[in-house]
Amino acid sequence: MSPSAAVVGGSGFTGGELLRLLAGHPEFEVAQATSRQYDRKTVGSVHPNLRELDLRFSSPEDLESVDVLFAATPHGVSMEHIDAFQDAADTVVDLSADFRLQSEEQYDEWYDGHVAPEYLDKSVYALPELMRDELPGAELIAAGGCNATATILGLKPLFDANILDGDEQVVVDVKVGSSEGGASAGKASSHAERSGVVRPYAPTGHRHEAEIEQFLGLSVSFTVHAVDMVRGASATCHVFPDSPVTKGDLWGAYRESYEDEPFMRLVAGGGGVYRYPEPKAVAGTNFGEVGFEVDPANRRLVVFSAIDNMMKGSAGQAVHAANVALGFDETDGLEFTGLHPVGSP
């Protein structure tokens with residue numbers, strides 16, 4: 001019998017992505033999708049790509065008993081309802097920021113506190129490239145933030161290879177698509193306001209810095225821009241190592257970290273139009289692309305990484321982590337390789 005899955009907050013963008021992935025998953029059976037706003041409406045009436053899915057939204061107050069519950073709710077909701085979520089499911093995968101950090105003090109500093117801090121040391125960060133050994137059997141899994149995910153994936157090989165130790169200066173500039181704001185985003189994400197912009201919306205103090213510092217031990221200078229695309233997060237990291245680094249060193253580091261990873265692609269120069277990582281090349285997929293260049297005159301490394309913020313940065317990462325946690329093939333439900341050519345992601 002196939003494991004059953006529920007998606008709480010199924011009417012949002014990431015909730016729709018979860019339903020799309022789970023509906024095509026060879027192991028899971030989608031048992032429930034909840035939404036207060038669209039209670040009793042068909043899933044297809046909200047997510048037109050899922051019109052063939054025979055499922056209606058139900059109230060989040062009426063949770064069914066399932067094997068895995070995916071919570072795609074705004075920040076603050078899961079921490080208030082985690083007891084109910086864990087009563088309903090053996091495994092809870094939360095896509096909000098509620099369980100990503102490890103201490104109550106971090107939530108006091110970066111968010112607005114935490115109402116269920118006793119769960120923080122029980123959660124496992126979802127990114128398999130970082131936490132694969134901790135995921136099997138995990139009962140509470142916390143998907144990473146998309147901007148943090150892109151940055152961590154780009155920089156992790158430099159730590160694995162001891163090129164960085166955490167004391168160096170690193171400047172990160174991230175460009176993100178409008179879907180990061182969610183289905184209920186405000187005026188700034190409307191088409192008329194968003195079209196054509198390259199708008200810095202978090203010049204300093206972005207909350208995802210906490211994840212980067214937590215998992216890499218690195219304090220970064222971090223800025224995020226909203227740009228005119230729907231899907232995607234593209235991180236450019238300017239790294240100033242203490243000692244000279246060659247391009248051969250970088251090829252060795254990135255291959256060592258990612259050559260066996262099913263969803264990581266190394267794109268560093270080469271020929272053709274797409275010479276470096278681009279969100280357009282991974283739109284709709286769970287792939288992450290990373291690349292680099294060396295600037296010896298300025299003793300600088302430039303590291304590029306690109307993901308689909310709703311896939312590798314959210315729903316895809318969550319399903320990937322659930323696959324590992326439950327012992328499924330890691331690529332189950334995530335085999336889509338993208339389209340080319342394709343319009344704005």
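This write-up is about the structure you can find in this document.

### Some points on helix α3 (residues 77–88)
In a regular helix each residue adds 1.5 Å, so 12 residues correspond to 16 Å; α3 covers 16 Å between its end C-alpha atoms and thus fits that length. All of the buried residues along α3 are Ser-78, Met-79, Ile-82, Phe-85 and Ala-88. Viewed end-on, α3 has its buried residues packed into an arc of 135°, placing them on one side of the element. Across from the buried face of α3, at angles greater than 90 degrees, the exposed residues are Glu-80 and Asp-87. The inward-facing, buried residues of α3 abut β1 (4–8), β4 (66–71), β5 (89–94) and β7 (140–142).

### Looking at the packing of aromatic side chains
How two aromatic rings sit relative to each other is given by the distance of their centres and the angle of their planes. By the definition in use, this model includes 10 aromatic pairs. Their ring planes at 80° and their centres at 5.3 Å tell us that Trp-251 and Phe-292 sit as a pair that is edge-to-face. Note that Trp-251 is positioned in helix α9 (residues 247–258) and Phe-292 in strand β13 (residues 288–295), a separation of 41 residues in sequence. On the basis of relative accessibility, which here comes to 25%, the residue Trp-251 falls in the partly exposed class. Given a relative accessible area of 1%, Phe-292 falls into the buried group. Their ring planes at 50° and their centres at 5.1 Å tell us that Tyr-276 and Phe-304 sit as a pair that is tilted.

### Structural notes on the pattern of salt bridges
This structure, assessed with the given rule, holds 14 salt bridges. In this structure, Lys-312 and Glu-129 form a salt bridge, with 2.6 Å as the shortest nitrogen-oxygen distance. One end of the pair, Lys-312, is in helix α11 (residues 311–326); the other, Glu-129, is in helix α5 (residues 128–131), with 183 residues separating them in the sequence. Taken as a pair, Lys-312 and Glu-129 share a single burial class, namely buried. For Arg-132, the salt bridge identified is with Glu-330, shortest N-O distance 2.8 Å. Taken as a pair, Arg-132 in the loop between α5 and β7 and Glu-330 in the segment after α11 lie far apart in primary sequence, 198 residues in all. Taking the relative accessible area as the measure of exposure, Arg-132 reaches 23% and is therefore partly exposed. Ionic contacts of the salt-bridge type, sharing partners, join the residues Glu-17, Arg-20, Arg-231 and Asp-308 into one network.

### A short note on the sheet that holds β7
Read across the sheet, 7 strands follow the order β3-β2-β1-β4-β5-β7-β6 without closing on themselves; strand pairing throughout is parallel. In this open sheet, the two strands that pair with only one neighbour each are β3 (57–58) and β6 (124–125). In this sheet, β4 lies alongside β1 in parallel orientation, the contact comprising 4 bridges. Along β4, the bridge assignment pairs Ala-6 with Leu-69. This element, α11, spans β4, β5 and β7 of the sheet and lies at about 155° to β4.

Criteria and cut-off values
Residues numbered from 1 in each chain as written. Predicted model: local features only at pLDDT ≥ 70, side-chain atom pairs only at ≥ 80, totals over all residues. Heavy atoms only, no water. Helix = DSSP H or I, 4+ residues; strand = E, 2+ residues; numbered from the N terminus. Expected span 1.5 Å × (residues − 1). Buried < 20%, exposed > 50% of the residue type's maximum accessible area, 1.4 Å probe, protein only. Arc of directions from axis to C-beta. Contact = heavy atoms within 4.5 Å. Phe/Tyr/Trp six-rings, centres within 6.5 Å; stacked < 30°, edge-to-face > 60°. Salt bridge = Lys/Arg side-chain N within 4 Å of Asp/Glu carboxyl O. Pairing = 2+ DSSP bridges. Axes fitted to C-alpha atoms, helices over the stretch in contact; angles between N-to-C directions.

By themselves, these observations are geometric and do not establish any function.
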